[in-house]
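An overview of the molecular structure
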Amino acid sequence: MAGVLLWVICPKENASFSATTLYSLVPRNRLQARSYNSKGCSRLKSSTGVYAAASLSSAVANPPRSSAEKVYEVVLKQAALVKEQKKERALDVRKENDQTESMTRGDLLNGAYDRCGEVCAEYAKTFYLGTLLMTPERRRAVWAIYGMYVLLSFSLSVHLVPLHLCSLWRTDELVDGPNAPHITPKALDRWEQRLGELFEGRPYDMYDAALSDTVSKYPVDIQPFKDMIQGMRMDLKKSRYKDFDELYLYCYYVAGTVGLMSVPVMGIAPESKASTESVYNAALALGIANQLTNILRDVGEDARRGRIYLPQDELAQFGLSDEDIFNGKVTEKWRIFMKGQIKRARMFFDEAEKGVAELSDASRWPVWASLLLYKQILDSIEANDYDNFSKRAYVGKAKKFASLPIAYGRALMGGGSKFAKPTRS
């Protein structure tokens, strides 16, 4: 952690990493204009019966749709990118880089990726353990994506990253003062502008350089990143969610987006007969499941910050109120309520498991490991008698390492589609 923070706050080292140098890190023949215009989609039905039409950006003007319907259109767009990608592209990346990147540029990129890895190791320990099982190239790409995720999705939330991180990482962009981290709408607008520049091959700093290099290699679309920033905007003005439809959209913004970003890096097995859309749906489900787990784990911490990430209407159904959450007492009503919330999170994990078998051989083990490790947090909440007010649920090291051979065994069994109607297109 010290190494990461030292680099971030050292002005001389940052200053030497100029914009010109950053631009040189991205292979020239990978830089190309990308169009992110919204396109209308014909009505399609997913494996869960969700329909999509029109673009996500025009949802406000159209008749009301559920959050799941709005999100599914993004799923379709990401899947379309993978379909258009030539199968040989990912295999040629390493060879191409060897031919086009100078030794100096390669060293700088390696340093950028290593910084992202250190951030993941410090602030997402369970996730980081899973990445160590990936191939080096995939591991670095996921670190770059997750580095952006850590910063944007949780800068206002303690679900993953302590708030003090905001005052140490890119303070000029994220905070008004070193002791009072505060993200403004204007700061998020600047982030979105930088995001566009990053996708055009013009990174601002070392962390941007790693992500810019990653998106130049894989068919990753900018929309999930923009949606992640939208989740930050939502966090600025919302501290309550009236129903699960609202909460679902928030979970997509801050975590489901990462699932969509990761599929191109993980890769779909050539022998998979599942539709590309169904694999993306499973990745989305894993992101939703992880975020629901974060929320259930952190109820007490969020309450102390005046936030409640639980559906208000469902709380009312069990005779619970905001006051009950702030008082932090485990009652029988609370236990019954929590059982239902945990059951729903596990349903999303179950849906996610269907897609793991469709991933490439090299990705199944780490994804299975991450899924099983995170799922055990729900077990820990139950073991704590649903006291997520004063006790933090976590998975001990012994259980983490015990999960690895189980994950490996499931990875070896992969390859057979678990989707009801395999129609790979």
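Here is what the cut-offs are and how they apply
- Residues numbered from 1 in each chain as written.
- Predicted model: local features only at pLDDT ≥ 70, side-chain atom pairs only at ≥ 80, totals over all residues.
- Heavy atoms only, no water.
- Phe/Tyr/Trp six-rings, centres within 6.5 Å; stacked < 30°, edge-to-face > 60°.
- Helix = DSSP H or I, 4+ residues; strand = E, 2+ residues; numbered from the N terminus.
- Buried < 20%, exposed > 50% of the residue type's maximum accessible area, 1.4 Å probe, protein only.
- Lys NZ or Arg CZ within 6 Å of the ring centre and 35° of its normal.
- UniProt positions renumbered as here; feature names shortened; annotations may be inferred.
- Expected span 1.5 Å × (residues − 1).
- Arc of directions from axis to C-beta.

On to the packing of aromatic side chains. Considering all chains together, one arrives at 13 aromatic pairs under this definition. The interplanar angle of 35 degrees and the centroid separation of 5.4 Å between the aromatic rings of W334 and F337 together place this pair among those described as tilted. Placement of both W334 and F337 in helix α18 (residues 332-356) is noted, with a separation of 3 residues, approximately one turn of the helix. F337 carries the same exposure label as W334, and that label is buried. Ring pairs connect the aromatic residues F318, W334, F337 and F389, which therefore count as one cluster. Sitting over the ring of W191, R194 keeps its end group 4.7 Å from the ring centre. Above the face of the Y241 ring, K238 is positioned so that its terminal group lies 5.0 Å from the ring centre.

Quick look at the UniProt feature "transmembrane region" (unreviewed entry) in the chain now. Mapped onto this numbering, the UniProt entry gives "transmembrane region" (unreviewed entry) at residues 141-161 and 247-269. Helix makes up 87% of residues 247-269 and strand makes up 0%, while its end C-alpha atoms are separated by 32 Å.

Turning to helix α10 (residues 185-199), a few remarks are in order. With 15 residues, α10 should reach 21 Å at 1.5 Å per residue; the first-to-last C-alpha distance of 21 Å fits that figure. Of the positions making up α10, those classed as buried are A187, L188, W191, R194, L195, L198 and F199. Down the axis of α10, the smallest arc covering the buried residues is 135 degrees, so these residues share one side. Turned more than 90 degrees away from the buried face of α10 sit P185, K186 and Q193, all of them exposed. Of the residues flanking the end of α10, it is G201, one or two places downstream, whose phi is positive at about 85 degrees.

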